[in-house]
Amino acid sequence: MASHKSKRNIRRAVVAGALALGSLTLSAGPAMAAPINIPGIGDVELPAGLPPEVTNLIPPAPQAPAAPQAAPAQFTAPYTSVGQRAADAAQSKLGAPYVYGASGPNSFDCSGLVQWAYKQAGLNVPRTSYEQAGAGRAVSIAELLPGDVVSFYGGSHTGLYIGGGNIVHASTSGQPVKIAPLNSMPVDGARRF
């Protein structure tokens, strides 16, 4: 930014130049002043009636820079964990019949539902409830996240935790795939894949 002394010198030079040029191009007449604003300097009074060649010497006011154009928004799907995708897949089968040894897509036993749901999420997990109870990483019941495999009855039954204290599971013959409270059966442990 120009100092106060520099601004005063610029102001004097502009006025002197304008006056000199004006005296060459104007005929004698009454002295009249017209104020103009010189960016970075301030208001300067110039004689009225100066020709455009003189007033065009004054630089235009600086323009604000154009706002940068934002890149077009890219759609990105919200992140969901493999466990959440498995829990969502299992819930899509609510009401499907229980059939011992079935692993979908139309009927399930407990471990078949878990295996099928994880397969939909892109992960292969063991087939039986006992194998599922020993695979993955152990997690405490207090740390459960959607998709964690919960074992019941000493590992003979499994279901998928879906949040809110609930699991989705294929419970037993004559009962369809359903949602049940986690504490509705004796919990043996939980695993995260």
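So, a few notes on the structure that sits alongside this text. Fair warning: this is a prediction, and the values are worked out from it, not measured in the lab. (Residues numbered from 1 in each chain as written. Predicted model: local features only at pLDDT ≥ 70, side-chain atom pairs only at ≥ 80, totals over all residues. Heavy atoms only, no water.)

Our next topic: the overall build of the chain. Within the chain one finds 5 helices and 8 strands. The order of helices and strands in the chain, counted from the N terminus, is α-β-β-α-α-α-α-β-β-β-β-β-β. Relative to its full complement of 193 residues, the chain shows a buried share of 33%. Contacts spanning at least 24 positions in sequence make up 53% of the contacts within the chain whose residues lie at least 6 apart. (Helix = DSSP H or I, 4+ residues; strand = E, 2+ residues; numbered from the N terminus. Buried < 20%, exposed > 50% of the residue type's maximum accessible area, 1.4 Å probe, protein only. Contact = heavy atoms within 4.5 Å.)

Moving on to the side chain of Lys93. With respect to the element layout, Lys93 can be found in the loop between helix 3 (82-91) and helix 4 (110-120). The contacts of Lys93, once residues within four sequence positions are left out, are Pro105, Phe108, Leu113, Trp116 and Val177.

Moving on, we come to helix 4. An α-helical turn contains 3.6 residues, so a residue and the one three or four places further along point in the same direction. Burial within helix 4 is extensive, with 8 of its 11 residues counted as buried. Within the span of helix 4, buried status applies to Cys110, Ser111, Gly112, Leu113, Val114, Trp116, Ala117 and Tyr118. Residues of helix 4 that are buried sit in contact with helix 3, helix 5 (129-134), strand 4 (149-152), strand 5 (157-163), strand 6 (166-170) and strand 7 (177-181). At the C-terminal side of helix 4, Gly122 shows a positive phi close to 90 degrees.

It is worth spelling out the pairing of strand 6 at this point. Burial of strand 6 is extensive: 4 of the 5 residues sit out of reach of the surface. Direction of pairing for strand 6 relative to strand 7: antiparallel, over a ladder of 5 bridges. Within strand 7, the position partnered with Ala170 by the bridge is Val177. (Pairing = 2+ DSSP bridges.)

A few words now on the environment of Ser129. Secondary-structure assignment places Ser129 in helix 5. Since its relative accessible area comes to 6%, Ser129 is described here as buried. On a C-alpha basis, the gap between Ser129 and Gly112 in space is 8.5 Å, while along the polypeptide they are 17 residues apart. With residues near it in sequence (within four places) discarded, Ser129 still touches Cys110, Ser111, Gly155, Ser156, His157 and Thr158. Of note is the side chain of Ser129, whose polar atom sits 3.0 Å from the backbone oxygen of Gly155. (Polar contact = N/O pair within 3.5 Å; in protein donor to acceptor, adjacent residues only side chain to side chain.)

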